[in-house]
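A look at the structure
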Amino acid sequence: MTSAPASAPPAAVPVHQRVAELTATHLGPWQEGYLNDRSQAVAALARLRRGAGREAGETPDLWNLIDTDALHASATGTRPLSEQELVRAENALHAALTLWAFHQQSRSTPMHRRHTRERPGGLGAAVRRLMPADGVDEPVRKRLVRAGTAPDLITLAQRLRDIVALLRRDDIPLDYALLAGQLYLWQWPDGPAAVRRRWGRSFHEQRRPRPASDENTTPDTDKDA
């Protein structure tokens, strides 16, 4: 009797994808709760806003709010992360969640919306939607370029906050899970150049008029938006 061939071990989930998935896991209940005026979610958002523009370990009030246990666990398809990977993953998670909290404040519609091919949710696409359909708002474009040339993650988060303020003003959502994964990649050698390319691609792909509704849709697995 011939035995069945052994199945190949599952491919390891990339760390940036784990960061993106954990960000989405946090944001789903917080966003739903905030939009339904649940006190716990409203309080969480207020705490998160106070951490914007700071390093992950600089705000003790957030240590028991942002649960990073999933980054330390080794489940099927994952591996233990090195200390350097953990630090960068925690930094990216912190930056994305605190930017979302600033974006969502006082907004009655979801400001985190997962990317789909039909409705791109990447940073470049969101910035493009700030502009007139028949042209380019050069000062706004320069904000994206300036963010792309930030020398470190803290400076990048601060420059992204300026962009998020414009998105918030116009009720334009962003895929913060996608952004978190990109912020993780940013912190590695050659990461800034790779992330800038993704933002540029996203910017140029967003040419369609604004959709009539920005309600959340089924997530897409294409993470180059």
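Residues numbered from 1 in each chain as written. Predicted model: local features only at pLDDT ≥ 70, side-chain atom pairs only at ≥ 80, totals over all residues. Heavy atoms only, no water.

Glancing now at the overall build of the protein. Looking only at helices and strands, the protein features nine helices and zero strands. The N-to-C order of helical and strand elements in the protein reads α-α-α-α-α-α-α-α-α. Taken across its 225 residues, the protein has 47% of its residues classed as buried. Taking the contacts inside the protein whose residues are at least 6 apart along the sequence as the reference set, 76% of them involve residues at least 24 apart. (Helix = DSSP H or I, 4+ residues; strand = E, 2+ residues; numbered from the N terminus. Buried < 20%, exposed > 50% of the residue type's maximum accessible area, 1.4 Å probe, protein only. Contact = heavy atoms within 4.5 Å.)

The subject of this paragraph is the nonpolar core. Where a protein is soluble and globular, its nonpolar side chains tend to be buried together. Among the nonpolar cores identified, the biggest contains 53 residues, and Leu 48, Leu 156, Leu 160 and Trp 199 are the most heavily contacted of them. Listed by contribution, the elements that provide at least two residues to this core are α1 (15-35), α2 (39-50), α4 (83-104), α5 (123-128), α6 (138-148), α7 (153-169), α8 (176-186) and α9 (191-205). The element best represented in this core is α4, accounting for 11 residues. Setting aside chain neighbours within four positions, we find Leu 160 in contact with Leu 99, Leu 123, Ala 147, Leu 179, Leu 183 and Trp 199. (Core = buried A, V, L, I, M, F, W, Y, C linked by side-chain atoms within 4.5 Å.)

Here we take up the pattern of salt bridges. According to the stated counting rule, one finds eight salt bridges in the structure shown. In this structure, Glu 138 and Arg 141 form a salt bridge, with 2.4 Å as the shortest nitrogen-oxygen distance. One end of the pair, Glu 138, and the other, Arg 141, are both in helix α6, three residues apart, so they sit about a helical turn from each other. A single salt-bridge network, built from bridges that share partners, covers Arg 47, Arg 50 and Asp 61. (Salt bridge = Lys/Arg side-chain N within 4 Å of Asp/Glu carboxyl O.)

Now for the packing of α2 against α4. If you want to describe how two helices pack, look at the angle between their axes and the distance between the axes. At a minimum axis separation of 8 Å, α2 and α4 run at an interaxial angle of 115°. Crossing hand, α2 versus α4: left-handed. Packed against α2, whose contacting residues are Leu 45, Leu 48 and Arg 49, the element α4 presents Leu 97, Thr 98, Trp 100, Ala 101, Phe 102 and Gln 104 at the interface. Taken together, the residues that form the contact of α2 with α4 break down as six nonpolar, two polar and one charged. (Axes fitted to C-alpha atoms, helices over the stretch in contact; angles between N-to-C directions. Left-handed = near helix turned anticlockwise from the far one by under 90°. Nonpolar A, V, L, I, M, F, W, Y, C, P; charged D, E, K, R; others polar.)

What follows is about the packing of aromatic side chains. Under the criterion given, the structure shown has two aromatic pairs. With a centroid separation of 6.1 Å and an interplanar angle of 20°, the aromatic rings of Trp 186 and Trp 199 are classed as stacked. Here Trp 199 lies in helix α9 and Trp 186 lies in helix α8, a separation of 13 residues in the sequence. One exposure class covers both Trp 186 and Trp 199, and it is buried. (Phe/Tyr/Trp six-rings, centres within 6.5 Å; stacked < 30°, edge-to-face > 60°.)

Here the focus is unusual backbone geometry. Even without a glycine there, the phi angle at Ser 106 is positive, about 65°. For Ser 106, the location among the structural elements is in the loop between α4 and α5. In this model, Asp 171 sits at a positive phi of 55°, which is unusual for a non-glycine residue. With respect to the helices and strands, the residue Asp 171 is situated in the loop between α7 and α8.

Confidence in the prediction of the protein, expressed as mean pLDDT, is 86, and 85% of residues score 70 or more. Here helix α3 (residues 69-72) is the element of the protein with the lowest mean pLDDT, 88, and α8 is the one with the highest, 97. In the predicted structure, residues 210-224 sits below a pLDDT of 50 and forms 39 contacts with residues beyond four places in sequence or in another chain. (pLDDT = per-residue confidence, 0-100.)

Between its first and last C-alpha, α7 extends 24 Å over 17 residues, near the 24 Å set by a 1.5 Å rise per residue. Buried residues in α7 make contact with α4, α5, α6, α8 and α9. With a side-chain oxygen positioned 3.3 Å from the backbone nitrogen of Ile 154, the residue opening α7 is Asp 152. At the exit of α7 stands Asp 171, carrying a positive phi of roughly 55°. (Expected span 1.5 Å × (residues − 1). Polar contact = N/O pair within 3.5 Å; in protein donor to acceptor, adjacent residues only side chain to side chain.)

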